[in-house]
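# Commentary on secondary and tertiary structure
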Amino acid sequence: MGKLTVRALRAVLVAVFAGTVFVQAGLAWALVSGSDPEDGSLPLTPLRLITILGMVSVQVALVCVWRLVAMVRRGTVFSHAAFRYVDIVIGAIVAVALLWFAVTALNAPGQRADPGVTVIMGGIGLAILGVALIVLVLRMLLAQAVARDIEAVQLQAELDEVI
């Protein structure tokens, strides 16, 4: 992985992390100020809490991706240590999907006249779970690469003994 690619990815990771912190701060301020509407519309407090938790999940995934990029730069990504970070990313994506389903459930009663919105939101939740499955498949590919790397090291050691 080239230096420019790593720098660009890290810049994106920092920008997204800063954005999530900004959103969390704004939502925390709104929670403290208690500015929920009194007109019987959708209660904002649960949505704000869910959004804050979603941002935490995104932040956890960002930190894990940062660590994986560092492992790529050091050439140690094909090791068992990488699995921990990939597993955490998968868990964070699943957490975001579950939080999205919670938002969908909170929003559903207000969509009785137009249930299509709820169906679309449910579809988005399934798409998020699909991303988790894609990362799981990539984890399996990483496992195969780690196994091949270990096998190559063992074969090289045997070859060195013969020579």
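Note that the coordinates shown come from a computational prediction; the quantities given were computed from them, not determined experimentally. (Residues numbered from 1 in each chain as written. Predicted model: local features only at pLDDT ≥ 70, side-chain atom pairs only at ≥ 80, totals over all residues. Heavy atoms only, no water.)

### Re the pattern of salt bridges
Rules: The salt bridge criterion pairs a side-chain nitrogen of Lys or Arg with a carboxyl oxygen of Asp or Glu, the two atoms within 4 Å. For the purposes of this entry, the term helix denotes a DSSP run of H or I that reaches at least four residues, the term strand denotes a run of E that reaches at least two, and both are numbered from the N terminus. Any residue under 20% of the maximum accessible area for its type is buried, any over 50% is exposed, and the rest in between are partly exposed; the area is computed with a 1.4 Å probe on protein chains only.
Under the definition given, this model contains 2 salt bridges. Between arginine 139 and aspartate 87 there is a salt bridge, and its shortest N-O distance comes to 2.5 Å. Here arginine 139 is found in helix H4 (residues 116-162), whereas its partner aspartate 87 is found in helix H3 (residues 81-107), with 52 residues between them in sequence. For arginine 139, a relative accessible area of 24% corresponds to the partly exposed category. Between glutamate 151 and arginine 148 there is a salt bridge, with the nearest N and O atoms lying 4.0 Å from each other. Linking glutamate 151 with arginine 148, this pair stays in helix H4, spanning 3 residues, or about one helical turn.

### Considerations on the packing of helix H2 (residues 44-74) against H3
A pair of packed helices is characterised by two quantities: the angle between their axes and the separation of those axes. Our working rule: Here an axis means a line fitted to C-alpha atoms, over the contact stretch when the element is a helix, while the angle between two N-to-C directions is reported on a 0 to 180 degree scale. Just so you know how the angles are binned, under 35 degrees is roughly parallel, over 145 roughly antiparallel, 65 to 115 roughly perpendicular, and the rest oblique. Put simply, a crossing is left-handed when the front helix is turned counterclockwise from the back one by less than a right angle, and right-handed when it is turned clockwise. Ten residue types, Ala, Val, Leu, Ile, Met, Phe, Trp, Tyr, Cys and Pro, are classed as nonpolar, four, Asp, Glu, Lys and Arg, as charged, and the remainder, Gly among them, as polar.
Look at H2 against H3: their axes get within 9 Å of each other, and the N-to-C directions meet at 160°. As the angle between them shows, H2 and H3 are arranged roughly antiparallel. Handedness of the H2/H3 crossing: left-handed. When its residues are assigned to classes, the contact of H2 with H3 shows 24 nonpolar, 2 polar and 1 charged.

### Describing the packing of aromatic side chains
Applied cut-off: Within 6.5 Å between ring centres, the rings of Phe, Tyr and Trp (the latter by its six-membered ring) count as paired, and their orientation is classed by plane angle as stacked under 30 degrees, edge-to-face over 60, tilted in between. In this scheme, the term charge over a ring applies when either NZ of a lysine or CZ of an arginine sits within 6 Å of the ring centre and within 35 degrees of the ring normal.
Evaluated as defined, the whole model comprises 0 aromatic pairs. Between arginine 10 and the ring centre of tryptophan 66, over which it is positioned, the NZ or CZ distance is 4.8 Å. If you follow arginine 84 out to its NZ or CZ, it ends over the ring of tyrosine 85, 4.9 Å from the centre.

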